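Listed below are the residues making up each chain.
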Amino acid sequence: MATDTTSSTPAIASADEPVYKPRYIDIGINLADPIFRGQYHGTQRHPDDLSAVVSRAQEVGCQKLIITGSDFTSSRHALDIAKEYPGIVYTTAGIHPCSSAIFSTTHSHIDTNGHTMPCDPDPSQPISENDEPDTERTMSIIAELRSFIEEARGSAAPGKPSPLVAFGEFGLDYDRLHYCSKKIQLHSFAAQLDLVLSLKPQLPLFLHSRAAHGDFVGLLKTKFGAGLERLEHGAVVHSFTGTADEMRELMDLGLYVGTNGCSFKTADNCAVVKEIRLDRLMLETDGPWCEVRPSHEGWKYLIEPPKPSTPVPDTNGTEPADSRGPKKPRQPPKKQQKKEPDVPERFKVVKKEKWVEGAMVKGRNEPCMIERVGKIVAGIKGVTVEEVCEAAWRNTTKVFPVD
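Residues numbered from 1 in each chain as written. Predicted model: local features only at pLDDT ≥ 70, side-chain atom pairs only at ≥ 80, totals over all residues. Heavy atoms only, no water.

### A word on the overall build of the protein
Piece 1. When helices and strands are tallied, the protein shows nine helices and twelve strands.
Piece 2. With 403 residues in all, the protein has 50% of them scored as buried.
Piece 3. Residue pairs at least 24 apart in sequence account for 77% of intrachain contacts in the protein once pairs closer than 6 positions are excluded.
Piece 4. Looking at the protein as shown, the accessible area adds up to about 19800 Å², and 52% of this sits on carbon and sulfur atoms. (Helix = DSSP H or I, 4+ residues; strand = E, 2+ residues; numbered from the N terminus. Buried < 20%, exposed > 50% of the residue type's maximum accessible area, 1.4 Å probe, protein only. Contact = heavy atoms within 4.5 Å. Areas by Shrake-Rupley, 256 points an atom, 1.4 Å probe, with all protein chains shown as cover.)

Okay, structure coming up:
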């Protein structure tokens, strides 16, 4: 196993000072995506390794995982997975803005073979704004969603909490209008907020806002009041990539902010993360997407400083014995040595075509990578990994019933 690069704890600790072991809750992981079953765009490329994904997460200290439900299919699969891992895996249920075209008169929805949508924006032609919300279809969707939530709430074992811990993922995404128009997204968001208000008790909210801050906050205030006083159990705006002003407004409203690899892409992104108060912070991976990449500004916080070189022994001004006489010419290396990565991998990483048991798949972000998210946030904010982990744990368990 490679060296753990995520701890900010000094390598040498006093005998009476225990070394901190990070603990994490991944608030947003798309474990219902077929990619964690070895399926890529409808083709089985390697065996189902979901259990290994969960095991690796626990090995790094990720003790709890909340699977994101983004449509009916993923929400149902997520609930099934949560039942397989009681007390470890939990889930949400809702209709993602990019899945919200089902609310329209055309019912147009892009087939993604069961995969969740990548987190990057797409410059493709947006869907026409001429499509109108379908009232009857909306009533049917909301009724089905209500029924599913009631079923999930009642599926817990006797004396155990429900694996369903939040409503979502839902909200607005104006970066990816090729999936759903603004008009239909706003209709979907409003209809689901009305459902939240009708639930007794309400569920905490797992929210999505991308390039839509004004409309997003405006609709929340319309439904929950100017200070969101009718919001009973709190909410997180996950995968935050907005501006510092937008983030501050969310915090002022009492909302929490989720960070993942997409939050560290640029210097501006990192400057926003620096301003997130610890009492409003949550951590996530949003796997299989949003991995931290070497091209990201935040990557530098994963690179350990070089170790000091070994001092040269004092020879009292005399030349070492083996340096006298003619020097032999250096022989060129027989083979170019592979450069060690700046950030060592904790687990073996292979391409999906070369999958082996126990290895991570290159390009498939996993919940075990949350340790990198924690370390980057700590580096950006100039605090310890322990402060970040414990703050995020407190915040998450305060909002979501997972502890």
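### Concerning the sheet that holds strand β4 (residues 62–67)
Piece 1. Strand order in this open sheet of eight strands is β1-β4-β5-β6-β7-β8-β9-β10, and the pairing throughout is parallel. Unpaired on one side and paired on the other, β1 (24–29) and β10 (281–283) mark the two borders of the sheet. This sheet shows a mean twist of 30° between the axes of neighbouring strands, independent of strand direction.
Piece 2. Relative to strand β6 (residues 164–173), strand β5 (residues 89–93) runs parallel, the two being bridged by three bridges. (Pairing = 2+ DSSP bridges. Axes fitted to C-alpha atoms, helices over the stretch in contact; angles between N-to-C directions.)

### Things to note about the side chain of Thr138
Piece 1. Looking at the secondary structure, you find Thr138 in helix α3 (residues 135–153).
Piece 2. Within the local environment of Thr138, its side chain forms a polar contact with the backbone oxygen of Asp134, the two atoms lying 2.8 Å apart.
Piece 3. Leave out the neighbours within four places in its chain, and Thr138 touches Phe103, His187 and Ala191. (Polar contact = N/O pair within 3.5 Å; in protein donor to acceptor, adjacent residues only side chain to side chain.)

### Comments concerning the packing of aromatic side chains
Piece 1. Going through the model one piece at a time under the given rule, you end up with three aromatic pairs.
Piece 2. Consider the rings of Phe167 and Phe170, whose centres lie 4.9 Å apart with planes at 70°: the pair is edge-to-face.
Piece 3. Judged by relative accessible area, which is 0%, Phe170 ranks as buried.
Piece 4. Between Phe189 and Phe216, the ring centres sit 5.6 Å apart and the planes meet at 5°, which makes this aromatic pair stacked. Taken together, the residues Phe189 in helix α4 (residues 182–198) and Phe216 in helix α5 (residues 213–224) connect sequence positions 27 residues apart. The residues Phe189 and Phe216 share a single accessibility class, namely buried.
Piece 5. Put simply, the rings of Phe167, Phe170, Phe189 and Phe216 touch in pairs and so form one group of aromatic residues. (Phe/Tyr/Trp six-rings, centres within 6.5 Å; stacked < 30°, edge-to-face > 60°.)

### Details of the environment of Thr243
Piece 1. Looking at where Thr243 falls in the secondary structure, it is placed in the loop between β8 (235–237) and α6 (244–252).
Piece 2. Looking at Thr243, the relative accessible area reads 40%, which means it is partly exposed.
Piece 3. With 30 residues separating them in the primary sequence, Thr243 and Val273 have C-alpha atoms 9.6 Å apart.

### Quick look at unusual backbone geometry
Piece 1. The omega angle of the peptide bond from Gly168 to Glu169 is 15°, so this bond is cis rather than trans.
Piece 2. Its place among the elements puts Glu169 in strand β6.
Piece 3. Non-glycine residue His41 carries a positive phi angle of around 55°.
Piece 4. When you line up the elements, His41 lands in the loop between β2 (39–40) and β3 (43–44).
Piece 5. Even without a glycine there, the phi angle at Ser239 is positive, about 50°.
Piece 6. Tracing the sequence through the fold places Ser239 in the loop between β8 and α6.
Piece 7. On the accessibility criterion, Ser239 (1% relative accessible area) is buried.

### Some thoughts on the pairing of β4
Piece 1. Of all six residues that make up β4, five are buried, and the element is covered over most of its length.
Piece 2. Pairing of β1 with β4, which is carried by four bridges, proceeds in the parallel orientation. Its bridge partner lying in β4, Ile25 is registered against Lys64.
Piece 3. Judged from the three bridges that link them, β4 and β5 form a sheet pairing that is parallel. Within β5, the position partnered with Ile67 by the bridge is Thr91.

### A closer look at the pattern of salt bridges
Piece 1. Enumeration over the complete set of coordinates arrives at 20 salt bridges.
Piece 2. Lys223 is the salt-bridge partner of Asp194, the closest N and O atoms lying 2.9 Å from each other. Within this pair, whereas Asp194 is found in helix α4, its partner Lys223 is found in helix α5, the two being separated by 29 residues in sequence.
Piece 3. Judged by relative accessible area, Lys223 falls into the buried class, the value being 17%.
Piece 4. We note a salt bridge from Glu291 to Arg293, for which the minimum N-O separation is 3.6 Å. (Salt bridge = Lys/Arg side-chain N within 4 Å of Asp/Glu carboxyl O.)

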